[in-house]
Amino acid sequence: MRRGKRALAELVAIGLVVSALGIALALAIDWFPAAASTQAGPIDTFWDVLLIVSIPIFVLVSTVVAVAATEFRMRPGQETQDGPPIHGNTRLEIIWTAIPSLIIAALVIYAYLVLHEIEKAPAKSAGEMLVKVTGEQFTWHFEYPQAGGQAVKSDQLYLPVDRPVRFEIVSKDVLHSFWVPAFRMKIDAVPGITTKLRVTPKRLGRYPVVCAELCGLGHAFMRQTAHVLPAAGFDAWLSKQKAAGAAAPGAAAGGGATAADGKALFASTDLGCGACHKLADAGTAGTTGPDLGQVLAGQSAAAIRESIVAPDKAIAKGFAKGVMPQDYGTRLSPQQLDALVKYLQEVTAK
Ligand code: CUA
C-alpha cells in the first residue's frame, strides 16, 4: 500500500495530465453541425467552457473512486470486521461544499450572460424581419407578413443571410418544438400561446428544420429545410412567392386545371409531396408514405381526391393513420386540387 505525500503528489500529477488530455480530446471533437447563426458562437463557447470545467471534476471523482476501491478494499480475513468509525471533518466539509457552490454560481452567471446576449433585440437599423411559424401534426408552416399586402406562405423556411429574424411560433394541435440545430436555437410550439425566438443567420446554405418534441406518430418526419440565401436571392424568392400567390398553378384565369399544373404543384416546395411519396414520373423517392405509383394505380379521380383531402379514410397496408397532414383540402384551391388529381391519375394509370 502506497502512503504519504509522495503517493498523493503522483496522483495529482496523473490527474492533471489526464485532465489536460481529456480537455484536448473534448475540444478536438466536432460536436455540432455548422454554426449558421450569430447566436451559435456564444453557445458553442459556453459548451466548451462546460467541458473544460467538468472534465477535471470527472477525473477527480473517478480517481478517488478508483483509489478507494483498490487501496482500501476489503482483504481476505477481514470479512467480519467493520471499518474505522468516521467522524465529521468540518474543514473538509466546508471546502467540498464551497468549491462546487462557487463553480455552479460562476456557471449560472455565465449562462445568464450568454442567454441575455443571444436573446437581446437587435438595433432598429438592423431591420429585424418577422416570420410566423405554425406547427401541426406533422409539418411546419411559415408566414412572412407583408406591409399592406397578403402574407407570403411557405412550407419551407427561406431566410436572408445577416438579417435578424424574429420567429413567432404557435401550434394548431399539440406541443411541438421548433428547432434548427445549425442555428442552435430551439423553442416549444405551445397550443394557445405564442412563443418567440430570435436568430440572425450568418452562413449561406440549407439546414434541417426539425421538431424536437414527441408529438405523435409522424414526429420523426416533421422535418423541413431552412434555406439561407443572399439578401438579393431572398428578395427574389419573396417576390416570386408573392406573384405565385396571386396566380398559383392551376388558379390561372380560365380555371382549366391541367396535369402540367398538377405536376408543378406536386414538385413545389410548398406541398413537398415527394418528400414523403415515391412517384416515378416526378422522380421522387420519399418513403414516409406509400409509393403512389402502386397505391394510386387504376384509381378513380374521386378516390385519388379523397386520398389527398381525407388521407385517413383509406390507409395503404404497412402505413399508419395520422401521418399525412389532414389539411390539403383547405390548403389547395379547388383548381389546384383538380390539377393535382388529374396529374396523379394520368401518371399512375395502368
Ligand atoms: Cu411535431 Cu414532434
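Figured I'd write up the structure that's included with this text.

Details of the packing of aromatic side chains
Part 1 of the argument: Throughout the structure, instances matching the rule amount to twelve aromatic pairs.
Part 2 of the argument: Considering the side-chain rings of Trp-140 and Phe-178, the 5.5 Å spacing of their centres and the 75° angle between planes classify their relative orientation as edge-to-face. Taken together, the residues span a long stretch of sequence, with Trp-140 in strand β2 (residues 139–144) and Phe-178 in strand β6 (residues 176–180) at a distance of 38 residues.
Part 3 of the argument: Taken together, the ring pairs connect Trp-140, Phe-142, Phe-167 and Phe-178 into an aromatic cluster.

Re the packing of helix α2 (residues 40–71) against helix α3 (residues 90–119)
Part 1 of the argument: Following both chains from N to C, one finds α2 and α3 inclined at 170°, their axes separated by 10 Å at the closest point. Judged on the interaxial angle alone, α3 and α2 are roughly antiparallel. Contacts between α2 and α3 involve Pro-42, Ile-43, Thr-45, Phe-46, Val-49, Leu-50, Val-53 and Ile-57 from the first element and Ile-103, Leu-107, Tyr-110, Ala-111, Val-114, Glu-117 and Ile-118 from the second.
Part 2 of the argument: For the contact of α2 with α3, the class distribution of residues is 13 nonpolar, one polar and one charged.

Brief notes about the sheet that holds strand β3 (residues 152–154)
Part 1 of the argument: As summarised here, the arrangement of the five strands in space is β3-β2-β1-β5-β8, forming an open sheet in which the pairing is mixed. The sheet is open, and its two borders are formed by β3 and β8 (195–199), each paired with just one other strand. Along the sheet, successive strands turn relative to each other by an average axial angle of 25°, direction set aside.
Part 2 of the argument: Where strand β1 (residues 129–136) meets strand β5 (residues 165–171), seven bridges bridge the pair, whose relative direction is parallel. The residue of β5 that forms the bridge with Leu-130 is Arg-166.

Here's the deal with the environment of Ala-267
Part 1 of the argument: Among the structural elements, Ala-267 can be located in helix α5 (residues 259–267).
Part 2 of the argument: For Ala-267 and Thr-348, which are 81 residues apart along the polypeptide, the C-alpha to C-alpha distance reads 16 Å.

Some thoughts on the packing of α5 against helix α10 (residues 334–348)
Part 1 of the argument: Where α5 meets α10, the closest approach of the two axes is 7 Å, and the angle between their N-to-C directions is 95°. Here α5 lies roughly perpendicular to α10, going by the angle between them. Within the contact between the two elements, α5 uses Ala-259, Asp-261, Gly-262, Lys-263, Leu-265 and Phe-266 and α10 uses Gln-336, Ala-339, Leu-340, Lys-342, Tyr-343, Leu-344 and Glu-346.
Part 2 of the argument: For the contact of α5 with α10, the per-class residue count stands at seven nonpolar, two polar and four charged.

Conventions adopted
- Residues numbered from 1 in each chain as written.
- Predicted model: local features only at pLDDT ≥ 70, side-chain atom pairs only at ≥ 80, totals over all residues.
- Heavy atoms only, no water.
- Phe/Tyr/Trp six-rings, centres within 6.5 Å; stacked < 30°, edge-to-face > 60°.
- Helix = DSSP H or I, 4+ residues; strand = E, 2+ residues; numbered from the N terminus.
- Axes fitted to C-alpha atoms, helices over the stretch in contact; angles between N-to-C directions.
- Parallel < 35°, antiparallel > 145°, perpendicular 65-115°, else oblique.
- Contact = heavy atoms within 4.5 Å.
- Nonpolar A, V, L, I, M, F, W, Y, C, P; charged D, E, K, R; others polar.
- Pairing = 2+ DSSP bridges.

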